[in-house]
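# What the coordinates show
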Amino acid sequence: MAILSANLASSAALALILVAASLCLIEAKQFGIGIEIGSRGRPRQREFDYFNLALQWPGTYCQRTRYCCPNNACCRGSNSPAVFTIHGLWPDYNDGSWPACCTKKSFDEKEISTLLDPLEKYWPSLSCGKPSSCHGGKGSFWGHEWEKHGTCSAPVTGDEYNYFLTTLNVYFKYNVTKVLNEAGYVPSNTEKYPLGGIVSAIQNAFHATPKLVCRNGAVEELHLCFYKDFKPRDCAGGSSSSSDMLFSGSSCPNYISLPAYASLGAGNVESEVSWVPEDVDLRWVDRL
Ligand code: 5GP
Ligand code: 5GP
């Protein structure tokens, strides 16, 4: 009898493990996460293949931000960012999926206290929303990026401080804003630029093909990809030299804009910082 109930208990435990593992797989598939089952039956995410440095264009992103609050960099008036800013450094798999929330390590802002100045400037939050953390609760944009992506980059970038430091260094070394500015692609509310021209300017500078994400014909994000030693590489699916083929599935049309000025518009009910429209300084690159 004792043996039978022990058997029943262990079968029930095994069934629970299998159900939990299959639920993890469903979730992993949904979120594009590549998961394996480790030797002790625990889900384990395999190590990533390459890095994706996701940059955001504030001129576009800020057009969809409806509210102002002290931590929203869209609300800094004449000091609002006029360069591509950092969204995150994301570890990716070659098949288009990615790992997420790889360890239980929570974000601790104290660990990056010496980096706060450059982070505020080049990795600001462009929204008032408090993103969810990996382990329940809400936190900062930096906390979200570290827990979701930074913990999975750890085999290469190490701890929280080194994740943020490495990201800043890569961002400064591969200065997309400068490259585009020098090629004549300056922020404008009237000009439209050929997608192929923007891609070529970056290919010529970094010898790799970026990925662009657009919203209503305006660049919202630009992704640069790197091998694990931070040498540039094409973003997944970006190996063709024909921009027609390359961007057939892209959210960008053939002619795209880089908006210079973002009005927060009506409904600014949370405003604590007033939005003061300013003429945008087209010598943006001088600010770097
Ligand atoms: P969206 O649905 O807005 O494209 O992406 C939502 C979120 O999913 C991103 O902010 C990011 O955390 C994650 N994500 C989207 N695309 C990628 C990707 O190519 N690689 C990685 N690692 N994460 C991504
Ligand atoms: P992701 O899309 O990277 O997984 O999630 C980003 C989360 O951070 C979202 O919940 C979004 O509301 C919040 N967030 C805060 N500031 C920013 C920002 O500047 N850019 C983006 N893309 N998301 C931000």
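Residues numbered from 1 in each chain as written. Chains lettered and ligands numbered in written order. Predicted model: local features only at pLDDT ≥ 70, side-chain atom pairs only at ≥ 80, totals over all residues. Heavy atoms only, no water.

## Here's the deal with the overall build of the chain
When its secondary structure is counted, the chain shows eight helices and nine strands. Buried positions account for 44% of the 288 residues belonging to the chain. Sequence separation of 24 or more characterises 75% of the internal contacts of the chain that already satisfy a separation of 6 or more. (Helix = DSSP H or I, 4+ residues; strand = E, 2+ residues; numbered from the N terminus. Buried < 20%, exposed > 50% of the residue type's maximum accessible area, 1.4 Å probe, protein only. Contact = heavy atoms within 4.5 Å.)

## Regarding the packing of aromatic side chains
Aromatic ring pairs are defined here through the distance separating the ring centres and the angle between the ring planes. Here the structure, examined in full by the defined rule, presents 15 aromatic pairs. Between Y174 and F206 the ring centres are 5.2 Å apart and the planes differ by 85°, which places this aromatic pair in the edge-to-face class. Taken together, the residues Y174 in the loop between α5 (160–173) and α6 (176–182) and F206 in helix α7 (residues 195–206) connect sequence positions 32 residues apart. Judged by its relative accessible area of 11%, F206 falls in the buried class. Sitting over the face of the ring of F48, K228 holds its NZ or CZ atom 4.8 Å from the ring centroid. Its end group placed over the ring of Y50, R233 keeps NZ or CZ at 3.8 Å from the ring centre. (Phe/Tyr/Trp six-rings, centres within 6.5 Å; stacked < 30°, edge-to-face > 60°. Lys NZ or Arg CZ within 6 Å of the ring centre and 35° of its normal.)

## As for the confidence of the model for the chain
When pLDDT is averaged along the chain, the result is 80; 71% of the residues meet or exceed 70. Taken as a whole, residues 1–31 scores under 50 in pLDDT and shows eight contacts with residues more than four places along the chain or in a different chain. Ignoring residues within four places in sequence, the model shows residues 238–245, a span with pLDDT below 50, making eight contacts including any to other chains. (pLDDT = per-residue confidence, 0-100.)

## A few points about the side chain of S153
Along the chain, the position of S153 falls in helix α4 (residues 141–157). Residue S153 is classed as buried on the basis of its relative accessible area, which comes to 0%. Apart from the residues lying within four places of it in its own chain, the contact partners of S153 are F48, F51, L89, P91, G158 and Y163.

## Remarks on the environment of F107
Position of F107 among the secondary structure elements: in the loop between β4 (85–92) and α3 (116–122). A relative accessible area of 18% places F107 in the buried class. In sequence terms F107 and S140 are 33 residues apart; their C-alpha atoms lie 9.0 Å from each other. Leave out the neighbours within four places in its chain, and F107 touches I112, S140, W142, G143, W146, E147, E160 and F164.

## Observations regarding the UniProt feature "active site" (unreviewed entry) in the chain
UniProt records the feature "active site" (unreviewed entry) for H87, E145 and H149 in the present numbering. On the basis of their most widely separated C-alpha atoms, the annotated residues across 63 residues gather in one place, lying no more than 10.9 Å apart. With respect to the element layout, H87 can be found in strand β4. Here H87 falls in the buried class, since its relative accessible area comes to 17%. Within the element layout of this structure, H149 appears in helix α4. With relative accessibility at 5%, the residue H149 sits in the buried group. (UniProt positions renumbered as here; feature names shortened; annotations may be inferred.)

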